[in-house]
Amino acid sequence: MNNKKPLNSALKTFFGLGDCLFDFHSSYKTYYWSFYLTSVAALPLAVVAIINSVVNTCEIIMSFLYGALMDSLKPMKWGRYRSIVLVLAPFTAIFGLSQWLAAGLIKDSNVAMVAVIACSLIYAVFFNMQYSANATMITVCGATEKDRAFLSSRRWAWINADKIVISAIVTFMIARFTGVFGDSAVMPYILVGIIFAVLCVIGQYIIFKISDGYEETEEAGSAAAPKKGASFKDIINTITKTPPLLALFCAQCGTTTVSFILAQMAAYQFNYAFEAPAILAIYLAATNFGAVIGSLLAGILGRKMEAKKLSQCLLPLCIIFLILARVCSGSVVLFTIFILCERTCSNCNFSTFLTMYSNCAIYAEHKTGVNNSGLVMSISNIPVKVAVLITGVLIPAVLAMTGYDASMEVIPQAVKTGLTNAITLIPAGCYLFAFLVITIAFRLSSADVARMTEEIAARKKNA
């Protein structure tokens with residue numbers, strides 16, 4: 001019998017709020033870091049290029065290690081994952097802030113470059129371990145697939161909401177802080193970084209507090225509590241003996257690539273294909289709002305349908321809306337409406353994918369006898385790195401194929417058509433790939449997961 005507690009009122013009400021606060025400093029870096037380095041800290045472009053190249057390359061290499069490192073650690077008294085959530089939070093906040101300090105306050109550009117790279121890489125380790133631990137709370141707290149679907153939905157909705165908040169308040173905050181520190185251009189950005197660093201720690205404490213009593217601990221006297229970290233052999237077994245995990249990873253690489261294509265091609269579409277740059281801000285606000293709605297819908301639909309079937313419904317809808325956006329691209333309004341619908345379905349699907357990752361964690365524990373939930377959930381973050389690589393090559397190639405040239409005063413119709421095809425039909429192909437992978441290769445049903453959960457609980461009880 002499954003011995004996990006049902007979701008308490010705190011989890012039902014506040015799950016995801018901590019992730020939102022934690023993610024503020026990450027979203028802040030995503031939107032403002034490049035501008036800060038080049039235009040505020042005024043580092044030479046060659047130095048900025050080296051910083052980005054070294055950090056991004058190392059992050060891609062290290063992205064495969066975070067979950068393994070987390071699961072190899074000996075659990076502390078609060079359990080493995082809740083301990084990581086609590087203990088590493090100050091380090092994540094400090095090293096996250098130190099990047100802004102190093103870039104803005106160190107006068108020598110070469111010294112600043114070394115300091116920023118060092119701080120960024122250390123921050124990446126702490127941030128990604130905490131991000132993975134936060135995601136693992138879905139598995140830790142969710143007793144059933146319906147519970148995990150609800151938690152995944154709330155978490156992703158809050159994370160999407162944080163992006164809307166960031167886009168709305170950061171410019172205002174920087175404007176308010178400008179002049180407070182004299183002529184310093186960097187201090188307003190650093191002060192915003194300090195605020196978000198504090199919110200990061202508060203957010204992690206919220207996650208730690210509302211999950212109290214859900215993770216097995218030695219202190220609680222549970223025979224099933226982990227006594228040591230997972231071995232290298234355990235980690236390898238988790239990866240090799242969980243075929244649904246590989247299928248889900250490949251499918252998510254496809255859907256995440258879509259998100260990057262839509263984000264990076266939007267400016268080209270509205271500036272050149274539509275020649276309506278003023279509407280871009282409205283488009284971005286509308287599609288971000290759709291992302292929040294889609295995330296919330298996942299919690300509702302996840303209680304009525306099993307995760308795989310829900311994904312099999314959502315992915316074709318994404319394809320249909322993209323094709324409709326292409327067909328109706330003569331109207332900016334209709335194009336925006338159909339992309340909004342696609343973003344709604346896409347983010348509903350991503351929340352569903354998180355539920356499926358948590359199901360894979362249960363599958364892996366059932367097959368290997370070792371709880372490596374952190375490793376499994378951390379893999380959900382790797383497709384982001386893969387998508388960055390894919391789009392980094394794909395988008396310049398597509399722009400070249402369309403005949404795009406930034407110096408053109410008059411945009412030929414062929415270029416406009418090519419840009420519109422790139423932002424609609426290529427993503428539709430990615431979704432088709434994801435749908436086929438999920439349908440053919442992801443062989444893990446809700447009934448299988450429920451049975452495995454009961455058998456794991458029985459093993460622990462008899463241990």
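Just so we're clear, the structure is a prediction, and the values are computed from it rather than from any experiment. (Residues numbered from 1 in each chain as written. Predicted model: local features only at pLDDT ≥ 70, side-chain atom pairs only at ≥ 80, totals over all residues. Heavy atoms only, no water.)

> What's the story with unusual backbone geometry in this structure? I'm lost.
The phi torsion of most residues other than glycine is negative, and most of the peptide bonds are trans. A positive phi angle, close to 55 degrees, is found at Ala42, a residue other than glycine. Its place among the elements puts Ala42 in the loop between α2 (17-40) and α3 (45-62). The class for Ala42 is exposed, based on a relative accessible area of 52%. The phi angle at Glu275 is positive, at roughly 55 degrees, despite the residue not being glycine. Looking at the secondary structure, you find Glu275 in the loop between α11 (243-273) and α12 (280-301). You can call Glu275 partly exposed: its relative accessible area is 47%. (Helix = DSSP H or I, 4+ residues; strand = E, 2+ residues; numbered from the N terminus. Buried < 20%, exposed > 50% of the residue type's maximum accessible area, 1.4 Å probe, protein only.)

> Just to check I follow, could you spell out the pattern of salt bridges for this structure?
Pairing between side chains of opposite charge can happen when the charged atoms of each approach one another. Evaluation of the coordinates by the stated rule reveals eight salt bridges. Here Arg82 and Asp212 are joined by a salt bridge, their closest N and O atoms 3.8 Å apart. Taken together, the residues Arg82 in helix α5 (residues 80-87) and Asp212 in the loop between α9 (187-210) and α10 (232-240) connect sequence positions 130 residues apart. Of the residues examined, Asp212 reaches a relative accessible area of 47% and is grouped as partly exposed. When the shortest N-O distance is used, the salt bridge between Asp448 and Arg451 registers 4.0 Å. You can see Asp448 and its partner Arg451 sitting in helix α18 (residues 446-462), three residues apart, about one turn around the helix. (Salt bridge = Lys/Arg side-chain N within 4 Å of Asp/Glu carboxyl O.)

> Mind showing me how you'd approach a nonpolar patch on the surface here?
Taken together, the side chains of Ile164, Phe289, Ile293, Leu296, Leu297 and Ile300 define a hydrophobic patch exposed on the protein surface, amounting to about 480 Å² of accessible area. Here the element with the most residues in the nonpolar patch is α12; it accounts for five residues. The residue Leu296 is located in helix α12 in this model. Note on Leu296: relative accessible area 37%, which makes it partly exposed. (Patch = residues over 30% accessible without salt bridge, like charges linked within 9 Å, V, L, I, M, F, W, Y side chains within 5 Å. Areas by Shrake-Rupley, 256 points an atom, 1.4 Å probe, with all protein chains shown as cover.)

> It is not clear to me how the nonpolar core should be interpreted in this structure. Could you clarify?
Nonpolar side chains tend toward joint burial in soluble globular proteins. Within the largest apolar cluster, 126 residues are counted, with the highest numbers of intra-cluster contacts made by Tyr28, Tyr36 and Leu43. In terms of residues, this core owes the most to one element, helix α7 (residues 109-141), which gives 15 residues. Membership of the second largest hydrophobic core comes to 11 residues, among which are Phe22, Phe127, Phe350 and Leu354. (Core = buried A, V, L, I, M, F, W, Y, C linked by side-chain atoms within 4.5 Å.)

> Explanation requested: the state of the cysteines in the structure shown.
Covalent bonding between the sulfur atoms of two cysteines is what defines a disulfide. According to the stated counting rule, one finds zero disulfides in the structure shown. Left unpaired, Cys20 is separated from the closest cysteine sulfur, that of Cys200, by 12 Å. Using a relative accessible area of 5% as the deciding quantity, one classes Cys20 as buried. With no disulfide partner, Cys328 has as its closest neighbouring cysteine sulfur the one in Cys341, 11 Å distant. By relative accessible area, Cys328 is classed as partly exposed at 22%. (Disulfide = S-S within 2.5 Å.)

> Explain the packing of α11 against helix α16 (residues 382-402) to me, please; I cannot follow it from the model alone.
The packing of two helices is summarised by the inter-axis angle and the distance between the axes. Two numbers describe how α11 lies on α16: the axes approach to 8 Å, and their chain directions differ by 45 degrees. In this view, α11 runs oblique relative to α16, as classed from their interaxial angle. Two packed elements cross with a definite hand, and for α11 against α16 that hand is right-handed. Of the residues in α16, those touching α11 at Phe249, Gln252, Cys253, Thr256, Thr257, Phe260, Ile261, Gln264, Met265 and Tyr268 are Ile382, Pro383, Val384, Val386, Ala387, Val388, Ile390, Thr391, Leu394, Ile395 and Leu399. (Axes fitted to C-alpha atoms, helices over the stretch in contact; angles between N-to-C directions. Parallel < 35°, antiparallel > 145°, perpendicular 65-115°, else oblique. Left-handed = near helix turned anticlockwise from the far one by under 90°. Contact = heavy atoms within 4.5 Å.)

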